[in-house]
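# Working through the structure, step by step
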Amino acid sequence: MIDLLPSDAVAHLKTCISEKRYEHCLGVMETAFDLADAWGQFKIDRTHLAWAALFHDCAKELNKEQRAALPTNGRVVYGKELMRLPTLAHAPHGALMMKNTFNIGDYGVLMAVAYHPTGHPNLTPLGWIVYLSDYLEPGRSYFDFREDYLETTRKDPLAGLRLVSDSKIKSVQDKGRLVHPIAYEVKTYLDSLQKL
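Residues numbered from 1 in each chain as written. Predicted model: local features only at pLDDT ≥ 70, side-chain atom pairs only at ≥ 80, totals over all residues. Heavy atoms only, no water.

## What about the overall build of the protein chain?
The secondary structure content of the protein chain amounts to ten helices and zero strands. Ordered by position from the N terminus, the helices and strands of the protein chain form the series α-α-α-α-α-α-α-α-α-α. Its C-alpha atoms give the protein chain a radius of gyration of 16 Å, near enough to 16 Å, the size a compact globule of 196 residues would have. Going through the 196 residues of the protein chain one by one, you find that 51% of them count as buried. (Helix = DSSP H or I, 4+ residues; strand = E, 2+ residues; numbered from the N terminus. Rg over C-alpha atoms; globule rule 2.2 N^0.38 Å. Buried < 20%, exposed > 50% of the residue type's maximum accessible area, 1.4 Å probe, protein only.)

## Digging into unusual backbone geometry
The phi angle at Asn-103 is positive, at roughly 55°, despite the residue not being glycine. When you line up the elements, Asn-103 lands in the loop between α5 (90-100) and α6 (107-114).

## Notes on the environment of Lys-80
Assignment of secondary structure puts Lys-80 in the loop between α4 (64-68) and α5. The class for Lys-80 is exposed, based on a relative accessible area of 52%.

## Here we look at the side chain of Asp-57
By the secondary structure assignment, Asp-57 is in the loop between α3 (46-55) and α4. A relative accessible area of 2% places Asp-57 in the buried class. Among all residues touching Asp-57, those that are not within four sequence positions of it are Ile-17, Arg-21, His-24, Cys-25, His-90 and His-116. (Contact = heavy atoms within 4.5 Å.)

## Some remarks on the packing of aromatic side chains
Inspection of every chain in the model, using the stated rule, returns seven aromatic pairs. Ring centres of Trp-51 and Phe-55 lie 4.8 Å apart, and the angle between their planes is 40°; this geometry places the pair in the tilted category. With Trp-51 and Phe-55 both in helix α3 and four residues apart, this pair spans about one turn of that helix. An identical accessibility class is assigned to Trp-51 and Phe-55; each is buried. Judged by centre distance (5.7 Å) and plane angle (80°), the ring pair of Trp-128 and Tyr-131 falls under edge-to-face. Here the residue Trp-128 and the residue Tyr-131 both occupy positions in helix α7 (residues 125-136), the gap between them amounting to three residues, near one helical turn. Here Tyr-131 falls in the buried class, since its relative accessible area comes to 1%. (Phe/Tyr/Trp six-rings, centres within 6.5 Å; stacked < 30°, edge-to-face > 60°.)

## Let's talk about the pattern of salt bridges
When charged atoms on two side chains of opposite charge get close, those side chains can pair. Applying the stated criterion across every chain yields a total of twelve salt bridges. Arg-140 serves as the salt-bridge partner of Asp-134, at 3.5 Å between the closest nitrogen and oxygen. The buried category is assigned to Asp-134, whose relative accessible area is 9%. Among the salt bridges present, the one from Lys-170 reaches Asp-174, with a minimum N-O distance of 2.8 Å. Here Asp-174 and Lys-170 lie together in helix α9 (residues 157-174), a separation of four residues that amounts to about one turn. Each of Asp-34, Glu-151, Arg-154 and Lys-155 takes part in salt bridges that share partners, so that together they form one network. (Salt bridge = Lys/Arg side-chain N within 4 Å of Asp/Glu carboxyl O.)

## Some words on the environment of Thr-152
Structurally, Thr-152 can be placed in helix α8 (residues 146-155). With relative accessibility at 28%, the residue Thr-152 sits in the partly exposed group. Leave out the neighbours within four places in its chain, and Thr-152 touches Ala-159, Gly-160 and Leu-163.

## Notes on the nonpolar core
The tendency in soluble globular proteins is for nonpolar side chains to be buried side by side. Counting 65 residues, the largest nonpolar core has Leu-49, Trp-51, Leu-54, Phe-55 and Met-98 as its most contacted members. Contacts of Trp-51, omitting those with residues within four sequence positions, involve Leu-5, Pro-6, Ala-9, His-56, Met-98, Phe-102, Ile-104 and Val-109. (Core = buried A, V, L, I, M, F, W, Y, C linked by side-chain atoms within 4.5 Å.)

## Overview of the packing of α3 against α6
Contact pair α3 / α6: the axes reach a minimum separation of 9 Å and the direction vectors enclose 20°. Relative to α6, α3 is oriented roughly parallel. Classified by chirality, the crossing of α6 by α3 is right-handed. Of the residues in α6, those in contact with His-48, Trp-51, Ala-52 and Phe-55 of α3 are Val-109, Ala-112 and Val-113. Class assignment of the residues belonging to the contact of α3 with α6 gives a composition of six nonpolar, one polar and no charged. (Axes fitted to C-alpha atoms, helices over the stretch in contact; angles between N-to-C directions. Parallel < 35°, antiparallel > 145°, perpendicular 65-115°, else oblique. Left-handed = near helix turned anticlockwise from the far one by under 90°. Nonpolar A, V, L, I, M, F, W, Y, C, P; charged D, E, K, R; others polar.)

Pasting the structure below:
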């Protein structure tokens, strides 16, 4: 999986995040490829999936000055709604970094990175996989039902998305944090679908 990516880009990523965060990203990539294999009905570019999964948290540990220094060309295109919440702003910053530092221009990859914490109704199957994999990667050992959720998600993508969406919202509420309106929009969108 990692061999699909340029070694200099992976080396650069390692300078941006901690070893623990990098291990998380590897777990997300492992889970993403597992789900892509299970979801054979969708044609998912494996190189794009590797980029989105491994680099989804590329801006997570940047400080304020480093984030402010990311070139925006006057606007944030992907994930601008998330910029006001400090716990979510790393995602659109990551999309900016992907676009400007790594020259990634693919819509599906940039949307996947920008909206991995909340989901978004316009995500491609690749984006939904990254959204799920961030929550279901092996390092989430504290999550008692992880294996059950993962098995459900392999068999039925929409059922898995609904489980994870509900679980994420509840987890944020239980911590006394603000649930972003997009997370509720995603829940409503998923509940309205007959299939993914």
